[in-house]
Amino acid sequence: MTEELPFEALSVETLAARLGGNDALCAKIGKDTDAWKVREVGDGNLNLVFIVEGASGAAVVKQALPYVRLVGDSWPLPLKRSFFEYHALTRQEARAPGSVPAIHYFDERQALIIMEYLAPPHIILRRALIDGRQLPNIARDIGLFIARTLFRGSDLHMAAKDRKADLALFADNVELCDITESLVFSDPYFDAKMNRHTSPQLDGLVAELRADRDLKVEAQRLKHLFAANAETLLHGDLHSGSIMVTDTETRMIDPEFAFYGPMAFDVGMLLANFWMSFFSQRGHEQEGRRDAMRAYLLEVTTETWAVFRAEFSHLWRTERTGMLYQKSLFEDQGDRLGAEQALDHVLHQMWTDLLGFAGIEVHRRILGLAHNADFETIADEDLRASCEAKALKFGRHIAVNRRQIHSIDEVNNLATLIEQESSI
Ligand code: SR1
Ligand code: MG
């Protein structure tokens, strides 16, 4: 494929002819295109994803479409999201080596990235959790990933000049930010066109939440924070569908929503997905109770937050080379405790904010356009609604009361209490 050709979406039928001359792809999977097997496996909301298998290997070809795949061409979306995904992946690899798929090739005009194929037994984390699988390493791996990427992409670590240049680059990811700004922070709380919810079961609760002034104010304060606090390069869409796992490996994928925003956003979205999985487990108990799975999911939230805090604190002490909380003010004057006090303050603020982002993320996955398979795959609508109602109540509580909640144990105790209520 030459870069001069105008954009054209690939298909299973055309891929071999169009990419047969691509050196990077041929080097990975073999030159004989007759032997290539191509499958389109994209199950996300936005893009095409092909797995291409050749005589000597396999690769993933991911291509953006000029519209939102979930909705169709009535919702145009720029191809440049592929550019942001590519640049986010390269930064994530540099800041947290081994945590993302390797990139083989990027074509900006065709909005395509050729990358490492994470072959089975890799599966999407969300799918594994729905199946009731307990992955032993995810809390450690994801906790390290978020601490390293969030810390090393911020003014705590980077040279101000480099960070500002990067901030300018990602500031153009306007349309994907707009999706989050609308779909996450506003649409769930009014009768937005593309909203849907389990109806009629949740109608009353939806009306209550839309009339909930404290909740709406909180959601807008969080939106304000999201839009105005360009703290670090975020993944921007770190949910359990953006993580691939085996029993021993964890890789983060799909950072096309990357932009400079508040650290707490990635952490909050991630934990929200574990809490949603927790509330959805009751709907997946056909083959036996999921008590152990529920306990596991809460442990994952506890461990992820603990690993994150430990690694972030380690980086604070060893890699704080940026302009913020500079060592000349603290350690260089023998004031190690001053630096620790500042660290406590940063972590405390992050904790308070992540609870808000988590609560709002739970709401949008139940009330907005883009739902989660965790709940969607519960066929019995009454049972699904019961799981969703409990998650909504939990989300509301942690978002609105976030300044009064001081530990993850407190949050998990609340989740357990709400989950055990007979029905809402
Ligand atoms: C229209 S896109 C809907 C959602 O899909 C992505 O994965 C993001 O989470 C976005 O909010
Ligand atoms: Mg995605």
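Below you will find a few notes about this structure. Everything numeric here is computed off the predicted structure, so don't read it as measured data.

**A word on the pattern of salt bridges**
Phase 1: Enumeration according to the criterion identifies 34 salt bridges in this entry.
Phase 2: The salt bridge partner of R403 is E218, with a shortest N-O separation of 3.1 Å. Taken together, the residues R403 in the loop between α14 (381-400) and α15 (408-420) and E218 in helix α9 (residues 213-228) connect sequence positions 185 residues apart.
Phase 3: Judged by relative accessible area, which is 5%, E218 ranks as buried.
Phase 4: Through salt bridges that share partners, R282, E285, R289, D291, R294 and E419 make up one connected network.

**Looking at the sheet that holds strand β2 (residues 48-54)**
Phase 1: The strand order across the open sheet formed by five strands is β1-β2-β3-β7-β6, and the pairing between neighbours is antiparallel. The two strands at the open ends of the sheet, each matched to only one other strand, are β1 (37-40) and β6 (103-107). Taken over all neighbouring pairs, the strand axes of this sheet differ in orientation by 20° on average, direction set aside.
Phase 2: Pairing of β6 with strand β7 (residues 112-116), which is carried by four bridges, proceeds in the antiparallel orientation. When the sheet's bridge partners are listed, Y105 is paired in β7 with I114.

**A short note on the packing of helix α12 (residues 336-367) against α14**
Phase 1: Following both chains from N to C, one finds α12 and α14 inclined at 150°, their axes separated by 7 Å at the closest point. Put simply, α12 runs roughly antiparallel to α14. As for how α12 packs across α14, the hand of that crossing is left-handed. Residues L355, G356, A358, G359, I360, V362, H363, I366 and L367 of α12 lie in contact with α14, whose contacting residues are E388, A391, L392, G395, R396, I398 and A399.
Phase 2: Split by residue class, the contact of α12 with α14 holds 10 nonpolar, four polar and two charged.

**Notes on the environment of V71**
Phase 1: Take V71: it is sitting in the loop between β4 (67-68) and β5 (72-76).
Phase 2: Measuring from C-alpha to C-alpha, the distance between V71 and L46 comes to 8.8 Å, with 25 residues separating the pair along the chain.

**Quick word on the sheet that holds strand β11 (residues 250-252)**
Phase 1: Strand order in this open sheet of three strands is β8-β10-β11, and the pairing throughout is antiparallel. Two strands lie at the open edges of the sheet, namely β8 (123-124) and β11, each paired on one side alone.
Phase 2: Pairing between β8 and strand β10 (residues 243-245): two bridges, direction antiparallel. Bridge assignment links I124 to a residue of β10, and that residue is M244.
Phase 3: Sitting on the sheet, helix α5 (residues 138-152) touches β10 and β11, and the angle it makes with β11 is about 35°.

**So, the site of ligand 1**
Phase 1: Taken together, the residues surrounding ligand 1 are N45, L46, V68, W75, I179, L183, D237, H239, F257, R364, R365 and A370.
Phase 2: In the model, an oxygen atom of ligand 1 is placed 3.5 Å from a nitrogen or oxygen of the H239 side chain.
Phase 3: Contact with the protein chains covers 95% of the free accessible surface of ligand 1, which is 320 Å².
Phase 4: Counting only elements with at least two residues in the shell around ligand 1, the list comes to α7 (174-183) and α12.
Phase 5: Along the lines of polarity and charge, the residues of the shell around ligand 1 split into seven nonpolar, two polar and three charged.
Phase 6: In terms of domain composition, the shell around ligand 1 takes at least three residues from each of domain 1 (2-116) and domain 2 (123-420).

Calculation criteria
- Residues numbered from 1 in each chain as written.
- Chains lettered and ligands numbered in written order.
- Predicted model: local features only at pLDDT ≥ 70, side-chain atom pairs only at ≥ 80, totals over all residues.
- Heavy atoms only, no water.
- Salt bridge = Lys/Arg side-chain N within 4 Å of Asp/Glu carboxyl O.
- Helix = DSSP H or I, 4+ residues; strand = E, 2+ residues; numbered from the N terminus.
- Buried < 20%, exposed > 50% of the residue type's maximum accessible area, 1.4 Å probe, protein only.
- Pairing = 2+ DSSP bridges.
- Axes fitted to C-alpha atoms, helices over the stretch in contact; angles between N-to-C directions.
- Parallel < 35°, antiparallel > 145°, perpendicular 65-115°, else oblique.
- Left-handed = near helix turned anticlockwise from the far one by under 90°.
- Contact = heavy atoms within 4.5 Å.
- Nonpolar A, V, L, I, M, F, W, Y, C, P; charged D, E, K, R; others polar.
- Near = heavy atom within 4 Å.
- Polar contact = N/O pair within 3.5 Å; in protein donor to acceptor, adjacent residues only side chain to side chain.
- Areas by Shrake-Rupley, 256 points an atom, 1.4 Å probe, with all protein chains shown as cover.
- Domains from an automatic or database assignment.

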